Amino acid sequence: MAAAEGRLVAEGRASLAAFLLGASVAALPLLLSAPPALLAGPGLQGRAALALHVAGINALLLLLYRPPLYKIAIRACFLGFAFGCGLLLSLGQSSWKHFGWYMCSLSFFHYSEYLVTAINNPRSLSLDSFLLNHSFEYNLAALSSWIEFTVEKFIYPEMKQITWLSTVGLLMVIFGDCLRKAAMLTAGSNFNHIVQNEKSDTHTLVTSGVYGWFRHPSYVGWFYWSIGTQVLLCNPICVVGYTLASWRFFRERIEEEEFTLIHFFGEEYLEYKKEVPSGLPFIKGVKVEL
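Quick caveat, the model's predicted, so the values are computed rather than measured. The residue count restarts for each chain, going from 1 along the sequence in the order it is written. Selection of residues for local features in this predicted model requires a pLDDT of at least 70, selection of side-chain atom pairs for listing and counting requires 80 or more, and totals for whole chains, interfaces and linings are taken over all residues. The side-chain figures draw on all heavy atoms in the structure; neither hydrogens nor water molecules are used.

Caption draft 1: Local environment of the layout of surface pockets. Think of a 1 Å grid over just the protein atoms. A cavity is a set of points where a 1.4 Å probe fits yet cannot get out, a pocket is an open set with protein on both sides within 12 Å along at least five of seven lines, and lining residues have an atom within 4 Å of a point. Grid points are joined across faces, edges and corners, and a volume is the space filled by probe spheres set on the points. Taken as a whole, the largest pocket encloses approximately 1,100 Å³ of empty space. What lines the largest pocket is a set of 45 residues, and nearest its centre among them are Asn190, Phe191, Asn192, His193 and Ile194. Only DSSP runs of H or I reaching four residues or more are called helices, and only runs of E reaching two or more are called strands; each is numbered from the N terminus. Per-element tally for the lining of the largest pocket: the top contributor is helix H10 (residues 236-265), with eight residues. Side-chain classes are defined by residue name, with Ala, Val, Leu, Ile, Met, Phe, Trp, Tyr, Cys and Pro counting as nonpolar, Asp, Glu, Lys and Arg as charged, and the others, Gly among them, as polar. Per-class residue counts for the lining of the largest pocket are 19 nonpolar, 19 polar and seven charged. Roughly 540 Å³ of internal volume is contained in the second largest pocket. Lining the second largest pocket are 24 residues, with Glu137, Tyr138, Ala141, Ala245 and Ser246 sitting closest to its centre. With nine residues, H10 is the single largest residue contributor to the lining of the second largest pocket. When the residues that make up the lining of the second largest pocket are grouped by side-chain class, the tally is 14 nonpolar, eight polar and two charged.

Caption draft 2: Region of interest: a nonpolar patch on the surface. For patches, a residue must show more than 30% relative accessible area and have no salt bridge; joins then use 9 Å for like charges and 5 Å for nonpolar side chains, namely Val, Leu, Ile, Met, Phe, Trp and Tyr. The accessible surface values rely on the Shrake-Rupley method and a 1.4 Å probe; as for residues, cover is taken only from the protein chains in view. Salt bridges, as used here, are contacts in which a Lys or Arg side-chain nitrogen is within 4 Å of a carboxyl oxygen on Asp or Glu. A cluster of nonpolar side chains, contributed by Phe136, Leu140, Leu143, Trp146, Ile147, Val151, Ile155 and Tyr156, occupies part of the molecular surface with about 810 Å² of accessible area. Tracing the chain through its elements places Leu143 in helix H7 (residues 136-155).

Caption draft 3: Structural context of helix H8 (residues 163-187). Over its 25 residues, H8 runs 36 Å from end to end, which matches the ideal 36 Å to within 8%, given 1.5 Å per residue. Among the residues of H8, Ser166, Gly169, Val173, Gly176, Asp177, Leu179, Arg180, Lys181, Ala183, Met184 and Ala187 are the ones counted as buried. Buried residues along H8 sit in contact with helix H6 (97-120) and helix H9 (217-232). The length a helix should cover is 1.5 Å for every residue beyond the first. Each residue is assigned to one of three classes by its accessible area relative to the maximum for its type, calculated with a 1.4 Å probe on protein chains only: buried under 20%, partly exposed between the two thresholds, exposed over 50%. Whether two residues are in contact is decided by their heavy atoms: any pair within 4.5 Å suffices.

Caption draft 4: Structural view of the packing of H8 against H9. Only C-alpha atoms enter the line fits that serve as axes; for helices the fit covers just the stretch in contact. Angles between N-to-C directions range over 0 to 180 degrees. The N-to-C vectors of H8 and H9 enclose an angle of 160 degrees; their axes lie 7 Å apart at closest approach. Our classification of the angle between H8 and H9 gives roughly antiparallel. Between H8 and H9 lies a crossing whose hand is left-handed. Between H8 and H9, the contacting residues are Leu165, Ser166, Val168, Gly169, Leu170, Met172, Val173, Gly176, Asp177, Leu179, Arg180 and Ala183 on the first element and Pro217, Ser218, Val220, Gly221, Trp222, Tyr224, Trp225, Ile227, Gly228, Thr229, Val231 and Leu232 on the second. For this classification, under 35 degrees means roughly parallel, over 145 means roughly antiparallel, 65 to 115 means roughly perpendicular, and everything else is oblique. Should the near helix be turned anticlockwise from the far one by less than a right angle, the crossing is left-handed, and should it be turned clockwise, the crossing is right-handed.

Caption draft 5: Expanded view of the packing of aromatic side chains. Any two rings among Phe, Tyr and Trp, with Trp reduced to its six-membered ring, count as a pair given centres within 6.5 Å; such a pair is stacked if its planes are under 30 degrees apart, edge-to-face if over 60, and tilted if neither. All chains considered together, the criterion is met by 17 aromatic pairs. The interplanar angle of 50 degrees and the centroid separation of 5.8 Å between the aromatic rings of Phe19 and Phe83 together place this pair among those described as tilted. Here the residue Phe19 occupies a position in helix H1 (residues 5-23), and Phe83 occupies one in helix H5 (residues 67-91), the gap between them amounting to 64 residues. Assessed through its relative accessible area of 6%, Phe19 is described here as buried. Ring pairs connect the aromatic residues Phe109, Tyr138, Tyr219, Trp222, Trp225, Phe249 and Phe250, which therefore count as one cluster. A ring is considered to have a charge above it if a Lys NZ or an Arg CZ atom is located within 6 Å of its centre and within 35 degrees of its normal. The cationic tip of Lys153 hangs over the ring face of Phe154; the distance from NZ or CZ to the ring centre is 5.4 Å.

Caption draft 6: Structural view of empty space enclosed by the protein. For the coordinates displayed, the defined rule picks out one cavity of 30 Å³ or more. The calculated volume of the largest cavity comes to roughly 30 Å³. Lining the largest cavity are Thr117, Asn120, Asn121, Ser124, Met184, Gly188, Phe191, Asn192 and His193.

Caption draft 7: Highlighting the nonpolar core. Counting residues in hydrophobic clusters, the biggest one holds 41 residues, and the most contacted among them are Tyr211, Trp222, Trp225, Tyr269 and Leu280. Sorting elements by how many residues they give to this core places H9 first, with eight residues. Other than its neighbours up to four places away in sequence, Trp222 contacts Phe109, Leu131, His134, Tyr138, Gly176, Arg180 and Phe250. As used in this record, nonpolar core signifies buried Ala, Val, Leu, Ile, Met, Phe, Trp, Tyr and Cys residues forming a set joined through side-chain atoms within 4.5 Å. By size, the runner-up hydrophobic cluster in this structure holds 18 residues, among which are Tyr65, Leu69, Ala73 and Cys77.

Caption draft 8: Representation of the side chain of Ser112 in the model. Structurally, Ser112 is set in helix H6. For Ser112, the residues in contact, after removing those within four places along its chain, are Asp177 and Lys181.

Listed below in structure tokens is the structure:
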């Protein structure tokens, strides 16, 4: 993690430039005067174009950035590339169109976590801010959803072509991500990806904006974003699995966090807790005996 504010600004700018460079893969059909399906399909020309594009961008990043910034840039570029490939699938007419929506949603979620942290709380910025290594369980859940989508697509292909249901999932994803990012921006430097055990001098209780709707809007957003990704993919098994796993995770996380918040703010937080719901179904937070 960089300590100087100027360096942090540079990290944010490097990540944005790299993300856009990666996403530029979506412009290849225009440069090649070819339809998006050519790059999304199995043809040799499309694969060669993608390989050359990746190699060229990686070489450019190596020239532009030294190792500390390169580590940031290569991750942001990877997410941008996934976003661009998702756009290509989305614009094509293949049966993987809805998976393209999912790729855009997933890659943008992870990149925007880093970017908003760089804007909002640069002192806490690190490679972990991408949340790419969130946990083994998180990665396993993502892998499970890809496997379910692929298996069901080949066994029941019509099951993955329910456009209205995928559209509902996409709206859930957009709502959830927008709510989470609004929460991060509203909290400002008070927001951190890691639950804090010590109160800093600048730590204040935020109750305005989306925090006037829910006590934990960032968790509410992530909860519905997570479920929405599986509705989008028309993954019935993972819809149930993600709902139960996410609910259990956030129930435990909220209880852990509220112990800390009560310790930090005392009666002020207890009053806030009485007036504003957690935002998640059947989760009331830590119980306090007076």
